[in-house]
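Single-letter residue listing:
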Amino acid sequence: MTIDLNSDLGEGFGAWDMGNDDAMLGLASSVNVACGFHAGDSDIMLKTAKLAKERGVSIGAHPGYRDLHGFGRRPVPGLKSSEVETMVAYQIGALQAVASLAGHKVTHVKAHGALSNVACADDMTARAIAAAIKAVDPNLYFVVLPKTALVRAGEAAGLKLIYEVFADRAYEDDAQLVARSKPGSVLHDGDQIAQRVVRMVQDNAITAASGKIIPVKIDTVCIHGDTPGAVEIARKVRAGLESSGITVAPFSSRR
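Cut-off values and rules
- Residues numbered from 1 in each chain as written.
- Predicted model: local features only at pLDDT ≥ 70, side-chain atom pairs only at ≥ 80, totals over all residues.
- Heavy atoms only, no water.
- Helix = DSSP H or I, 4+ residues; strand = E, 2+ residues; numbered from the N terminus.
- Rg over C-alpha atoms; globule rule 2.2 N^0.38 Å.
- Buried < 20%, exposed > 50% of the residue type's maximum accessible area, 1.4 Å probe, protein only.
- Contact = heavy atoms within 4.5 Å.
- Areas by Shrake-Rupley, 256 points an atom, 1.4 Å probe, with all protein chains shown as cover.
- 1 Å grid on protein atoms, 1.4 Å probe; cavity = no way out; pocket = protein on both sides within 12 Å on 5 of 7 lines; lining within 4 Å.
- Points joined across faces, edges and corners; volume = space filled by probe spheres on them.
- Nonpolar A, V, L, I, M, F, W, Y, C, P; charged D, E, K, R; others polar.
- Polar contact = N/O pair within 3.5 Å; in protein donor to acceptor, adjacent residues only side chain to side chain.
- Expected span 1.5 Å × (residues − 1).
- Arc of directions from axis to C-beta.

Some points on the overall build of the chain
The secondary structure content of the chain amounts to eight helices and ten strands. Relative to its length of 255 residues, the chain is compact, with a C-alpha radius of gyration of 17 Å against a globular reference of 18 Å. Residues classed as buried in the chain amount to 56% of the 255 residues present. A fraction of 73% describes how many contacts in the chain between residues 6 or more apart in sequence connect residues 24 or more apart. Total accessible area on the chain stands at roughly 10,700 Å², and carbon and sulfur atoms take up 52% of it.

Dropping the structure here:
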């Protein structure tokens, strides 16, 4: 068995750091780079792309709402479909340009934070994201959460889909993420998370907070780079996968 481990990186801004990108780039096989709207800037994007290139790690665009103060985790209501599409295309293009300076290539797109949460349930937003990806480069992989509007939009646009689950987030019975405002939404015990991830990958299923087993397709597992203890969690997850005979490799190298 082979699985991809992805992490959201490049989420500092100017002189401010967010997470330990250097360490995470030694553990993840793919990373999603903030494109300046919810976090990140051109210098951080370039640094992240260069480090990823050196370590053989795939990079993808991580577009979000323009909300630096809220880290892109607050919905921005009232946007038209065309506005969402342009916003996403702009961010993908920004990373593609910066990645070219590093001699690297953008392989995928994964929506960030509130933009992703809204798009999981809202067909208009999901279709706008998919349309932006297709217009910029139809060969880009579209990272989607199983059983959401993102899947429907990606399929309708004819994009190559990568199904993602989260190592450090709890799930509701409908396979949606437990809202961060609820207790227990973010998991922190590295040993338990590692066991959980191995089980998910082996069984092609997630376990909801209630204990319900939900079969899903799994191509990649996300470990948030800004979660406290992220590096130790990632180490334990990767070690757990490899000790179970599961190879960690970028999804872009397997398709």
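More follows now that the structure is in view.
Some words on the layout of surface pockets
Each pocket or cavity is described by its volume, and for the largest pocket that value is around 500 Å³. Elements with a contribution of two residues or more to the lining of the largest pocket: α4 (113-121) and β6 (160-166). Counting residues per element, the lining of the largest pocket draws most heavily on α4, at seven residues. For the lining of the largest pocket, the class distribution of residues is twelve nonpolar, seven polar and eight charged. Surrounding the second largest pocket, 15 residues form its lining, D17, D21, I44, K47 and T48 being those nearest its centre. Among the elements of the structure, α1 (21-24) and α2 (42-54) are those that each provide at least two residues to the lining of the second largest pocket. For the lining of the second largest pocket, the leading source of residues is α2, giving four residues. A per-class count over the lining of the second largest pocket returns five nonpolar, five polar and five charged.

Here we look at the side chain of S185
Secondary-structure assignment places S185 in the loop between β6 and α7 (190-203). Side-chain polar atoms of S185 contact the backbone oxygen of K182, separated by 3.2 Å. Ignoring anything within four residues of it in the chain, the contact list for S185 reads D168, R169, A170, V178, A179 and R180.

Here we look at the environment of G93
Turning to its location among the elements, G93 is positioned in helix α3 (residues 81-101). In this structure the C-alpha to C-alpha distance between G93 and A61, which are 32 residues apart in sequence, comes to 8.7 Å.

Brief notes about empty space enclosed by the protein
Enumeration over the complete set of coordinates arrives at one cavity of 30 Å³ or more. Estimated volume of the largest cavity: approximately 30 Å³. Surrounding the largest cavity, L5, N6, S7, M24, L27, A28, I223 and A234 form its lining. Classifying every residue of the lining of the largest cavity by side-chain character gives six nonpolar, two polar and no charged.

As for unusual backbone geometry
Trans is the prevailing form of peptide bonds, just as negative phi is the prevailing case for residues other than glycine. Located in the positive-phi region is F71, a residue other than glycine, with phi close to 55 degrees. Here F71 is to be found in the loop between β3 (58-62) and α3. Residue F71 is classed as buried on the basis of its relative accessible area of 12%. Its identity is not glycine, yet K147 carries a phi of approximately 60 degrees, on the positive side. Its place among the elements puts K147 in the loop between β5 (141-144) and α6 (149-157). The class of K147 is exposed, set by a relative accessible area of 51%.

Remarks on α3
For α3, spanning 21 residues, the distance from its first C-alpha to its last is 31 Å, which sits close to the expected 30 Å at 1.5 Å a residue. Every buried residue belonging to α3 is among V84, M87, V88, Q91, I92, L95, V98 and A99, and all of these are buried. One face of α3 carries all of its buried residues, which in axial projection span an arc of 130 degrees. Turned more than 90 degrees off the buried face of α3, the exposed positions are T86, Y90, S100 and L101. Against the buried residues of α3 lie β2 (30-34), α2, β3, β4 (106-109), α4 and α5 (123-136). Directly beyond the C-terminal end of α3, a positive phi value near 70 degrees is found at G103.

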